[in-house]
Amino acid sequence: MNAVELLKKQHREVDALVERFEKARRDDEKEAIFLELAARLVAHDAIEREIFYPACERALGKIEPLMEGIAEHGLIEFSIFRADKARGKHSFDYLVRVLAEMVKHHVEEEEAEVLPQIEDAMDESRLARLGERLQERFDASMSTTFRTPLRRNLEQVIGGRTKTTPPKRAAARATGRKRPMRGGKRPTVRAKKKEAR
Ligand SMILES: [Fe+2]
Ligand SMILES: [Fe+2]
């Protein structure tokens, strides 16, 4: 499945979960659906912020819908965090609805303004390779708790981060890559500076 098809498929899966949440009556059912939704949204955020958006930036430049999109990801994550904290409370229902509204708005813009541009800019084989990387990263993210990356991303958002790519350390942690070690020791300050250049 190519990158655009994969992202759209995941958007529809999120739509279906939101629909199920709206129809659910029991609190435990609502909570289970929310936890599934939160995990999928955090994993979707990871594949877009770490892989897809940077690829778009390289292909299209810092276009406005992309920069707006990454800012919206931060707001969506804050909404996930708030709803997660409100589980079992009266505010849980409306905080999940606020989250769903933000996601709906974001997905509409992404599908109308970003995805068609990248489909024009990349050929099929490149989109297919990108799709494979996205799926791999999504699966890795879904196999761990969503709360740790959510907190880490929120700390970056609060710190004013607006770039589409995460810092090298966070990216390495997220993908399970180890930073290069020299002689079994941690990299020296000079080595770190060289790497940062
Ligand atoms: Fe998306
Ligand atoms: Fe997005």
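### Concerning the overall build of the protein chain
Item 1. Looking only at helices and strands, one finds eight helices and zero strands in the protein chain.
Item 2. Written out in order from the N terminus, the α and β elements of the protein chain read α-α-α-α-α-α-α-α.
Item 3. Buried residues in the protein chain amount to 26% of all 197 residues.

### Comments concerning the environment of Arg49
Item 1. Mapped onto the secondary structure, Arg49 falls in helix α2 (residues 27–60).
Item 2. For the pair Arg49 and His73, spaced 24 residues apart in the sequence, the C-alpha separation amounts to 8.4 Å.

### Overview of helix α6 (residues 147–158)
Item 1. Look at α6: 16 Å from first C-alpha to last across twelve residues, which is about the 16 Å you get at 1.5 Å a residue.
Item 2. Those residues of α6 lying buried are Pro149, Leu150 and Asn153. Down the axis of α6, the buried set is contained in an arc of 100°. They therefore lie on one face. Along α6, the residues that are exposed and aim more than 90 degrees away from the buried face are Thr148, Arg151, Glu155 and Ile158.
Item 3. Just past α6, the residue Gly160 takes up positive phi, approximately 90°.

### Things to note about the nonpolar core
Buried together is how nonpolar side chains tend to be arranged in soluble globular proteins.
Item 1. Judged by nonpolar contacts, the single largest core of 35 residues is most densely connected at Val42, Phe52 and Leu134.
Item 2. When contributions to this core are tallied by element, the ones reaching two or more residues are α1 (3–23), α2, α3 (64–85), α4 (92–121) and α5 (124–142).
Item 3. Ignoring sequence-local partners within four residues, the contact set of Val42 consists of Ile80, Ser141, Phe146, Pro149 and Leu150.

### Notes on the packing of α1 against α4
Each pair of packed helices can be described by the angle between their axes along with the distance between the axes.
Item 1. Where α1 meets α4, the closest approach of the two axes is 11 Å, and the angle between their N-to-C directions is 160°. With respect to their mutual orientation, α1 and α4 come out roughly antiparallel. Classified by chirality, the crossing of α4 by α1 is left-handed. Residue-level inspection shows Val4, Leu7, Lys8, His11, Val14, Val18 and Phe21 of α1 in contact with α4, the latter providing Val96, Ala100, Val103, Val107, Glu111, Leu115, Ile118 and Glu119.
Item 2. Split into classes, the residues belonging to the contact of α1 with α4 amount to eleven nonpolar, one polar and three charged.

### Considering the packing of α2 against α4
Item 1. At a minimum axis distance of 12 Å, the contact between α2 and α4 shows a crossing angle of 30°. Considered as vectors, α2 and α4 are oriented roughly parallel to each other. As for the relative orientation of α2 and α4, their crossing is left-handed in sense. Touching Phe34, Leu41, Cys56, Ala59 and Leu60 of α2 are Val96, Val103, Val114, Gln117, Ile118 and Ala121, all from α4.
Item 2. Of the residues in the contact of α2 with α4, the class split is ten nonpolar, one polar and no charged.

### Remarks on α2
Item 1. At Glu48, α2 shows its largest bend, some 40°.
Item 2. Positive backbone phi, at 85°, marks Gly61, one or two positions downstream of α2.

### As for the confidence of the model for the protein chain
Item 1. On average, residues of the protein chain carry a pLDDT of 87, and 82% of them reach 70 or more.
Item 2. Across the protein chain, the element-wise mean pLDDT spans from 49 in helix α8 (residues 189–196) up to 98 in α1.

Procedures and definitions
- Residues numbered from 1 in each chain as written.
- Chains lettered and ligands numbered in written order.
- Predicted model: local features only at pLDDT ≥ 70, side-chain atom pairs only at ≥ 80, totals over all residues.
- Helix = DSSP H or I, 4+ residues; strand = E, 2+ residues; numbered from the N terminus.
- Buried ≥ 20, exposed ≤ 12 C-beta atoms within 10 Å, placed from the backbone.
- Expected span 1.5 Å × (residues − 1).
- Arc of directions from axis to C-beta.
- Core = buried A, V, L, I, M, F, W, Y, C linked by C-beta atoms within 7 Å.
- Contact = placed C-beta atoms within 7 Å.
- Axes fitted to C-alpha atoms, helices over the stretch in contact; angles between N-to-C directions.
- Parallel < 35°, antiparallel > 145°, perpendicular 65-115°, else oblique.
- Left-handed = near helix turned anticlockwise from the far one by under 90°.
- Nonpolar A, V, L, I, M, F, W, Y, C, P; charged D, E, K, R; others polar.
- Bend = angle between axes of the 7 residues up to and from the residue.
- pLDDT = per-residue confidence, 0-100.

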